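Residues per chain are reported as follows:
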Amino acid sequence: MAIVDNIGTALSGSGGSVILTSVDKLVDWSRGQSLWAFPMGTACCAMELIAASFNKFDFDRLGTFPRPDPRHTDVMILAGTITEKMKPAVKLLYDQMPEPKWVVAMGNCTVSGGIFYYDTYSVVRGADTFLPIDVYIAGCPPRPESLQDGIIQLRELVREESIAPGKRHERKTLLPRKGEGAGDAL
Ligand code: SF4
């Protein structure tokens, strides 16, 4: 991977016109550099997600472009409280994303149900009860810088993967709710 990372240096050095790498590393490097995002804002954390895309924070410089159609995206950014009523819609949109795909949980509500879970029957106790989450970002709400840091960490995870079947990084297992298997969470 270091060869790929230092591609410019390798080309500019004396006699450095040959680069050795593998298709696997090149594909993973390319994927990590261009993670198109599906912004799934469900509550107040979405304001910070929106702010991250504007010129002050300039999300685009990380190669992360928000797209409105899940079929065109690589990573779902879940930001906000998820209610039991919303859950099937969120899962449906996730299912519409093509493989390979990743999910970032942004904010305490998405990570664990946040301040609402213990006070109400209607809030989901964390998105990982029904979706495989790759990166967790704590905060109420997290700052745009935290989201950008989360995307940088996701890039590292993607780069460590392989295009070979079964060689993706280990995801967190789905957390079953009391009395349920993970597959029954929906
Ligand atoms: S974590 Fe805080 S800011 Fe984010 S959706 Fe929950 S209550 Fe709102």
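The structure presented is a predicted model; accordingly, all values stated were derived computationally and were not measured. (Residues numbered from 1 in each chain as written. Predicted model: local features only at pLDDT ≥ 70, side-chain atom pairs only at ≥ 80, totals over all residues. Heavy atoms only, no water.)

Chemist: Honestly, the packing of helix 3 (residues 23–33) against helix 7 (residues 144–159) in this entry has me stumped. Any pointers?
Modeler: Angle between the axes and distance between the axes: these two values describe a pair of packed helices. At a minimum axis separation of 8 Å, helix 3 and helix 7 run at an interaxial angle of 165°. With respect to helix 7, the axis of helix 3 lies roughly antiparallel. As for the relative orientation of helix 3 and helix 7, their crossing is right-handed in sense. Along its contact with helix 3, which presents Asp-28, Trp-29, Arg-31, Gly-32 and Gln-33, the element helix 7 presents Arg-155, Val-158 and Arg-159. In the contact of helix 3 with helix 7, the residues fall into 2 nonpolar, 2 polar and 4 charged. (Axes fitted to C-alpha atoms, helices over the stretch in contact; angles between N-to-C directions. Helix = DSSP H or I, 4+ residues; strand = E, 2+ residues; numbered from the N terminus. Parallel < 35°, antiparallel > 145°, perpendicular 65-115°, else oblique. Left-handed = near helix turned anticlockwise from the far one by under 90°. Contact = heavy atoms within 4.5 Å. Nonpolar A, V, L, I, M, F, W, Y, C, P; charged D, E, K, R; others polar.)

Chemist: Sorry if this is basic, but what is going on with the site of the ligand here?
Modeler: Ala-43, Cys-44, Cys-45, Gly-80, Thr-81, Asn-108, Cys-109, Phe-116, Gly-139, Cys-140 and Pro-141 make up every residue found near the ligand. Looking at side-chain class alone, the shell around the ligand contains 7 nonpolar, 4 polar and no charged residues. (Near = heavy atom within 4 Å.)

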